[in-house]
Amino acid sequence: MAISLLIPGLALIIGLAFLVWSSDVFIDGSASTATHLSISPLVIGVVVLGFGTSMPEVVVATLASLDNSPGLAVGNAIGSNIANIGLVLGFTAILAPIAIKSSLIKRELPVLLAISVGVYLLLLDGTLGFIDGLILVSALILVMVWMIKVNKAVDPQDPLVSETSQVVDSMPAFTLNKSLLMLVVGLIILMISAKLMVWGAVEIAHHFQVPEVIIGLTIIAIGTSLPELAAAIAAARKNEADLMIGNIVGSNLFNILAVLAVPGLLAPSVLEPSVLKEDIPVMIGFTLAMLLLALPRKGHAVISKPKGVLLTLAFVTYLFTLYIRSTSA
């Protein structure tokens, strides 16, 4: 048994390592290209960086769907949103309390919650079909237009503006040709590493007779959330809490609208009943928790270390329930 799992396990680990590395290359190339195109630092920070960290999920979902493993793609989208809040936000708050000052973030969080609930209602029929995929993509376009419009009209004194400008200004300066090369190379390696991850994950799932959606909710979701975790820790060290939350909100919006749309468009399927009964409600619960934690109480909202511990414990508890579910599958 150990030998039969060796190659899929190595493929999963190697794919994950290159996925994280190529994601950084892709994001740097995208941000640098956007700078050359005179896109404002705030749009780069909230849209390019926030959505760029979700590119691993998009590539994994695409390849999984093309390999006729839509459950893996669905689990990846939902599990990444849960991991971004429970693991990324929770663990970062344990390292350092997170003070949220930006009014922009407090406007985007209710939108994220409303869209999460809307997607749940959309999928209540138990299927993720082509029409559902089109609706999700249409919603993504509307949200992106809204975010760009709101970001351009934000108060120049908003903390998110200065934090984003500092990050963009501190990024390495590349020529336009090198930026485009990094973008293309990063995307190509992303696709290759994601292919390795998907193949390894599917083989492991089949070996243990575990539903692919559970692999997507756990190993793949946590793996593709590592870019968000790295960005969050870096932001926390620089006291850029609003940018960190903005990246999580942008990533989660992209996951639930773009990543979840991929299996609908490429591999329409019937959803696992547990996805509607357990996983999406858990995702909505974590999103609601993040919204409540971001509400100000006597001044600025602060996600303290104890709250970070609670988020992390909630995430670990969810993983334990998935383990119980996998053993009874």
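Coordinates for the structure precede this section.
Residues numbered from 1 in each chain as written. Predicted model: local features only at pLDDT ≥ 70, side-chain atom pairs only at ≥ 80, totals over all residues. Heavy atoms only, no water.

*Asks:* How should the overall build of the protein be read in this particular structure?
*Replies:* Looking only at helices and strands, the protein has 14 helices and four strands in total. Taken across its 329 residues, the protein has 54% of its residues classed as buried. For the protein, the proportion of contacts with a sequence separation of at least 24, taken over those separated by at least 6, is 90%. A total of about 13900 Å² of accessible surface is found on the protein, and carbon and sulfur atoms cover 72% of it. (Helix = DSSP H or I, 4+ residues; strand = E, 2+ residues; numbered from the N terminus. Buried < 20%, exposed > 50% of the residue type's maximum accessible area, 1.4 Å probe, protein only. Contact = heavy atoms within 4.5 Å. Areas by Shrake-Rupley, 256 points an atom, 1.4 Å probe, with all protein chains shown as cover.)

*Asks:* Quick question: what am I supposed to make of helix H11 (residues 241-259) here?
*Replies:* Residue pairs spaced three or four apart in an α-helix point in one direction, given the helix's 3.6 residues per turn. Taking 1.5 Å per residue, 19 residues should reach 27 Å; H11 reaches 25 Å between its end C-alpha atoms and fits that length. With 19 of its 19 residues buried, H11 lies for the most part within the structure. (Expected span 1.5 Å × (residues − 1).)

*Asks:* Explain a nonpolar patch on the surface here, please?
*Replies:* Residues Leu6, Ile7, Leu10, Ile14, Phe18, Trp21, Leu196 and Trp199 make up a contiguous nonpolar surface patch of about 790 Å² in total accessible area. Every element with two or more residues in the nonpolar patch is listed here: helix H1 (2-36) and helix H8 (176-208). Relative to the helices and strands, leucine 10 is located in helix H1. (Patch = residues over 30% accessible without salt bridge, like charges linked within 9 Å, V, L, I, M, F, W, Y side chains within 5 Å. Salt bridge = Lys/Arg side-chain N within 4 Å of Asp/Glu carboxyl O.)

*Asks:* Mind showing me how you'd approach helix H9 (residues 212-224) here?
*Replies:* The first and last C-alpha atoms of H9 sit only 16 Å apart over 13 residues, clearly below the 18 Å expected at 1.5 Å per residue. The sharpest bend along H9 measures roughly 25° and falls at threonine 218. Across the 13 residues that make up H9, a large majority, 11, are buried. Among the residues of H9, those classed as buried are Glu212, Val213, Ile214, Ile215, Gly216, Leu217, Thr218, Ile220, Ala221, Gly223 and Thr224. (Bend = angle between axes of the 7 residues up to and from the residue.)

*Asks:* What's the story with the side chain of asparagine 84 in this structure? I'm lost.
*Replies:* Here asparagine 84 is to be found in helix H4 (residues 70-95). In this structure asparagine 84 comes out as buried when scored by relative accessible area, which is 0%. Within the local environment of asparagine 84, its side chain forms a polar contact with the side chain of serine 225, the two groups lying 3.2 Å apart. With residues up to four places along the chain from it excluded, the contact list for asparagine 84 reads Leu89, Ser225, Glu228, Ile248, Ser251, Asn252 and Asn255. (Polar contact = N/O pair within 3.5 Å; in protein donor to acceptor, adjacent residues only side chain to side chain.)

*Asks:* How do you make sense of the pattern of salt bridges when you look at a structure like this?
*Replies:* Side chains that carry opposite charge are capable of pairing whenever their charged atoms lie near each other. Tallied over the entire structure, the rule returns three salt bridges. For the salt bridge of lysine 195 with aspartate 67, the shortest nitrogen-to-oxygen distance reads 3.1 Å. Placement of lysine 195 in helix H8 and of aspartate 67 in the loop between helix H3 (55-66) and H4 is noted, with a sequence separation of 128 residues between them. Taking relative accessible area as the criterion, lysine 195 reaches 40% and is therefore assigned partly exposed. Salt-bridge contacts for arginine 325 lead to aspartate 279; the nearest nitrogen and oxygen are separated by 2.9 Å. Remark: aspartate 279 occurs in helix H13 (residues 273-293) and arginine 325 occurs in helix H14 (residues 305-327); sequence separation between them is 46 residues. Aspartate 279 matches arginine 325 in its accessibility class, with the two residues each being buried. Beyond isolated ion pairs, a larger network of salt bridges with shared partners links Glu278, Asp279 and Arg325.

*Asks:* What exactly am I supposed to notice about the environment of threonine 92 here?
*Replies:* Considering the arrangement of structural elements, one finds threonine 92 in helix H4. Since its relative accessible area comes to 0%, threonine 92 is described here as buried. In this structure the C-alpha to C-alpha distance between threonine 92 and alanine 241, which are 149 residues apart in sequence, comes to 9.8 Å. Sequence-distant contacts of threonine 92, defined by excluding residues within four places in its chain, comprise Leu87, Ile98, Leu229, Ala232, Ile233, Ala236 and Met244.

*Asks:* Please clarify how the nonpolar core should be interpreted in this entry.
*Replies:* Nonpolar side chains tend to gather and get buried jointly when the protein is soluble and globular. In this structure, Leu89, Ile98, Ile245 and Leu260 are the most contacted members of the largest nonpolar core, which totals 87 residues. By residue number, the principal contributor to this core is H4, which donates 12 residues. When neighbours within four sequence positions are excluded, leucine 89 is seen to be in contact with Asn84, Ile98, Met244, Ile245, Ile248, Met290, Ile303 and Leu311. (Core = buried A, V, L, I, M, F, W, Y, C linked by side-chain atoms within 4.5 Å.)

*Asks:* For this particular structure, what's the right way to read the side chain of serine 225?
*Replies:* For serine 225, the location among the structural elements is in the loop between H9 and helix H10 (226-237). Of the polar contacts made by the side chain of serine 225, one reaches the backbone oxygen of alanine 221; its length is 2.9 Å. Beyond its immediate chain neighbours, meaning those up to four positions away, serine 225 contacts Glu57, Ser80, Ala83, Asn84 and Val88.

*Asks:* Sorry, what's going on with the packing of H9 against H14 here?
*Replies:* Helix-helix packing is characterised by the crossing angle of the two axes and by the distance between the axes. H14 packs onto H9 with a crossing angle of 140° between their chain directions and a minimal axis gap of 10 Å. Overall, the two elements H9 and H14 adopt an arrangement that is oblique. Seen along the crossing, H9 lies across H14 with a hand that is left-handed. Across from Ile214, Leu217, Thr218 and Ile222 in H9, the residues of H14 making contact are Phe315, Tyr318, Leu319, Leu322, Arg325 and Ser326. Tallied by class, residues from the contact of H9 with H14 come to seven nonpolar, two polar and one charged. (Axes fitted to C-alpha atoms, helices over the stretch in contact; angles between N-to-C directions. Parallel < 35°, antiparallel > 145°, perpendicular 65-115°, else oblique. Left-handed = near helix turned anticlockwise from the far one by under 90°. Nonpolar A, V, L, I, M, F, W, Y, C, P; charged D, E, K, R; others polar.)

Function cannot be inferred from these measures alone, as they are strictly geometric.
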